[in-house]
Amino acid sequence: LGILPVALAGLLIGYVLAVAVSSLRPAREALSVAPNSNEPSSASATKEHPEAQPMGLRWQNIDSQDYLQLAGNLRAIGCPESVITSIVCGRVTALYRARIEKVRNPLAKYWSSSVERSTSETEVAKLVQERDKLLTQLGLYTVSDSSSAELGDEKRAQIQQALLHFPAQRLGPSSTPEEQGQARANRKARIDYLSDYLSPEELLNYRMYEDGQGHAIEFLTRNVQLTPEEFKKVFLAIDNEDLTQTGGKLRPELEARLKEALGPERYGEYEESHRINNVVLYDFAKQFKLTSEQVGQLKQLRTSFSNAPMNRENTLAYKDAVGQVLKNSSAVQRFFSSPLFYRVPTSSQPASGVLPGK
Amino acid sequence: MKLAVFLIATVLGLALGLRLTSPAQNRTEATKPAEFAAPTESMLSFKAVEKPLLRWSDVESTNLTNYVANLRAIGCPEEVIRDVLRDEVKRILGKKFALTMSSTNVPIVPSQRMEFRSREHARMLTAVDSTLYNDLGIEREAFDTFFFTAAQEHEILRANALYPRISTDPSDPASVEQARQNKIARHKYLAGFLSPELLEYYALAREGEAHRVAAFLRAMQPTQQEFLNVFRALNNQDATFQNGRFSPELETRLKAALGPERFAKLVALKGSD
């Protein structure tokens with residue numbers, strides 16, 4: 001009998017002790033965050049949260065100017081990673097948005113010279129780069145919420161991982177061949193990585209729209225109106241290659257691949273569209289939103305005029321006929337502003353140039 | 001013997017006590033927020049907070065109004081609430097956007113697809129803003145910009161909330177008049193917070209006046225001073241150019257704004273249009 005009160009007393013004391021310890025725990029957890037770590041460390045935290053309250057969460061006890069500390073504090077109270085990303089990313093983005101806003105005069109485009117605009121754009125680009133670098137260092141770089149939205153959160157997280165491990169590099173006209181090569185190698189590594197997580201169709205869409213030369217290939221073939229199937233074939237044939245053109249041609253190996261993808265007839269049309277006088281005519285057509293019928297009529301008129309003797313009567317007749325087709329005096333004026341538009345050269349040269357590529 | 005019993009009982013009591021008072025996180029795993037399908041009425045209607053907020057899991061809620069209230073209750077600043085809830089609402093509405101983007105009628109050609117996606121994404125963002133600012137009553141963000149301080153930006157937001165921009169239907173004179181009245185009211189309201197110079201920049205940058213002046217001065221490549229002078233000259237003036245002339249009053253004002261030489265160039269350019 002003597003044992004029962006002793007046992008009950010022990011139970012009671014143990015229970016009271018446990019309740020007392022528990023009531024202190026939340027405050028301790030909110031406090032105990034080591035910098036750059038998920039592990040609690042009350043020493044560093046006491047300094048970080050001098051005004052901690054024993055009961056309940058208070059933002060002032062979680063907040064920190066140090067992003068890693070803030071993330072650690074949030075982790076310690078069980079905050080999910082997605083919310084930590086929202087909070088820390090939001091703070092970094094707001095900081096840089098304010099800095100970008102301070103240098104970007106929204107009215108400058110109306111009166112600045114191209115040099116002034118370019119200087120301001122460079123400054124903005126530097127800040128954007130700095131922000132992205134910081135987000136990457138914090139492991140928080142996120143793909144935009146519209147990119148690959150159809151893939152869902154898990155696959156988009158893998159895309160983010162791929163971009164973190166094999167960063168996309170912005171290339172410009174002054175990029176060296178080494179930089180271009182590195183950019184292509186990184187992209188290849190990203191695609192290889194993602195092939196483990198995305199279906200072949202998803203991967204193709206990602207390559208075409210998010211991380212590839214879809215736009216450059218569209219630009220290259222812009223005057224032949226490819227069907228969706230043709231576009232996919234062409235994309236698969238020449239994606240992630242150097243699309244620099246010399247004399248209107250890609251390097252021979254790529255031209256051969258392009259021909260194989262399009263078939264001889266369509267490739268012929270593509271080649272024809274790449275002749276310099278056609279390139280300018282198609283761009284002119286795009287500028288004035290001409291129909292394909294109007295373009296066809298202009299081509300016919302141009303060929304007839306170029307073969308006819310050049311005299312006042314023919315010239316007036318030509319201008320009159322073009323006016324009938326275009327029905328727009330500005331367009332007619334533009335058309336006759338350069339022989340590139342209104343004449344077919346005796347030996348029609350293909351266009352040359354470098355396509356915008358990644 | 002008694003000591004052993006006492007010690008065992010104490011340990012048991014301690015274990016029982018710890019189990020019963022274990023943190024919310026461990027016991028609420030089963031009630032973690034379910035995946036949202038869409039921000040439904042039940043996610044937005046307020047339900048009183050009853051339990052103490054000890055862990056993040058006590059703060060977050062599938063009911064967005066409660067989520068906001070809980071964040072406010074722990075002293076979370078408005079910008080943090082906005083960042084957290086914006087991503088949460090985006091996640092909810094993003095599912096519909098994702099569904100649209102995976103449908104078969106999305107164009108294949110990159111530029112067309114991008115245009116389609118931008119349009120759909122803009123629609124989603126409008127819905128996100130509406131949920132945040134109209135349904136959940138979160139404060140819109142205001143920050144320092146090139147011309148205005150955060151406080152001035154806040155007043156600009158307020159002016160737009162009080163006297164909103166309304167889409168006008170040219171065939172409905174009432175809507176056109178209402179839009180005009182609201183624009184005047186915004187200007188009047190902001191005159192209490194912005195200097196005359198800043199009010200001009202506001203009109204140019206935020207009320208579409210710069211675009212109007214730029215269209216008027218097309219191909220002139222004006223300096224900043226010329227641009228501002230012409231903006232002032234055009235104020236409340238009919239800018240019609242007919243038979244090689246502006247109205248006499250506007251002509252006088254433009255000559256003063258640009259000087260005779262540049263005015264002559266403007267007339268020549270207008271004539272060639």
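Going by the structure above, here's the rest.
Being a predicted model, the structure only gives us computed values, none of them experimental.

Observations regarding the overall build of chain B
Argument step 1. Helix and strand counts for chain B come out as 14 helices and zero strands.
Argument step 2. For chain B, the α and β elements follow one another from N to C terminus as α-α-α-α-α-α-α-α-α-α-α-α-α-α.
Argument step 3. Within the span of chain B, comprising 273 residues, buried residues form 41% of the whole.
Argument step 4. A separation threshold of at least 6 residues defines the contact pool for chain B, and within that pool the share at least 24 residues apart is 47%.
Argument step 5. A total accessible area of about 15200 Å² is found for chain B, and carbon and sulfur atoms account for 56% of it.

A closer look at the interface of chain A and chain B
Argument step 1. Contacts between the two partners involve 60 residues from chain A, matched on the other side by 65 residues from chain B.
Argument step 2. Buried surface at the junction of chain A and chain B, both sides included, amounts to about 5400 Å², of which 68% is carbon and sulfur.
Argument step 3. Counting the surface chain A buries against chain B, the share from its top three residues, Tyr110, Trp111 and Tyr209 of chain A, is 13%.
Argument step 4. The salt bridge involving Glu210 of chain A is made with Arg117 of chain B; its shortest N-O contact spans 2.5 Å.
Argument step 5. Listed by contribution, the elements that provide at least two residues to the side of chain A that touches chain B are helix H1 (3-31), helix H4 (67-76), helix H5 (81-103), helix H9 (200-210), helix H10 (214-220) and helix H11 (228-238) of chain A.
Argument step 6. Per element, the largest residue contribution to the side of chain A that touches chain B is 16 residues, and it comes from H1 of chain A.

Brief notes about the packing of helix H12 (residues 224-234) of chain B against helix H13 (residues 248-258) of chain B
All names here are of chain B.
Argument step 1. Direction vectors running N to C along H12 and H13 enclose 160 degrees, while the axes themselves pass 9 Å from each other. Considering the angle they form, H12 stands roughly antiparallel to H13. For the pair H12 and H13, the sense of crossing is right-handed. Listed contacts from H13 to Glu226, Asn229, Val230, Arg232, Ala233 and Leu234 of H12 are Leu250, Arg253, Leu254, Ala257 and Leu258.
Argument step 2. Along the lines of polarity and charge, the residues of the contact of H12 with H13 split into seven nonpolar, one polar and three charged.

With respect to unusual backbone geometry
Argument step 1. Backbone geometry places Lys289 of chain A, a non-glycine residue, at a positive phi of 50 degrees.
Argument step 2. Within the secondary structure layout, Lys289 of chain A lies in the loop between helix H14 (276-287) and helix H15 (292-307).
Argument step 3. The phi dihedral of Asn236 of chain B is positive, around 60 degrees, even though this residue is not glycine.
Argument step 4. Following the sequence through the fold, Asn236 of chain B ends up in the loop between H12 and H13.
Argument step 5. The exposure class of Asn236 of chain B is exposed, given its relative accessible area of 73%.

Focus on the side chain of Asp211 of chain A
Residues and elements named next belong to chain A.
Argument step 1. Assignment of secondary structure puts Asp211 in the loop between H9 and H10.
Argument step 2. Here Arg190 takes part through its side chain, which lies 2.7 Å from a polar atom of the side chain of Asp211.
Argument step 3. Excluding residues that lie within four positions of it along the chain, Asp211 makes contacts with Arg187, Arg190, Ile191 and Tyr206.

Observations regarding helix H8 (residues 177-194) of chain A
Helical periodicity: at 3.6 residues per turn, an α-helix aligns residues three or four positions apart in one direction.
All names here are of chain A.
Argument step 1. For H8, built from 18 residues, the straight-helix expectation of 26 Å at 1.5 Å per residue is met to within 8% by its first-to-last C-alpha distance of 26 Å.
Argument step 2. Residues of H8 that are buried: Ala183, Asn186, Arg187, Arg190, Ile191 and Leu194. An end-on view of H8 places all buried positions within 135 degrees of arc, on one side of the element. Facing away from the buried side of H8 by more than 90 degrees, the exposed set consists of Pro177 and Glu178.

The rules we used
Residues numbered from 1 in each chain as written. Chains lettered and ligands numbered in written order. Predicted model: local features only at pLDDT ≥ 70, side-chain atom pairs only at ≥ 80, totals over all residues. Heavy atoms only, no water. Helix = DSSP H or I, 4+ residues; strand = E, 2+ residues; numbered from the N terminus. Buried < 20%, exposed > 50% of the residue type's maximum accessible area, 1.4 Å probe, protein only. Contact = heavy atoms within 4.5 Å. Areas by Shrake-Rupley, 256 points an atom, 1.4 Å probe, with all protein chains shown as cover. Buried area = accessible area lost by both parts, 1.4 Å probe. Salt bridge = Lys/Arg side-chain N within 4 Å of Asp/Glu carboxyl O. Axes fitted to C-alpha atoms, helices over the stretch in contact; angles between N-to-C directions. Parallel < 35°, antiparallel > 145°, perpendicular 65-115°, else oblique. Left-handed = near helix turned anticlockwise from the far one by under 90°. Nonpolar A, V, L, I, M, F, W, Y, C, P; charged D, E, K, R; others polar. Polar contact = N/O pair within 3.5 Å; in protein donor to acceptor, adjacent residues only side chain to side chain. Expected span 1.5 Å × (residues − 1). Arc of directions from axis to C-beta.

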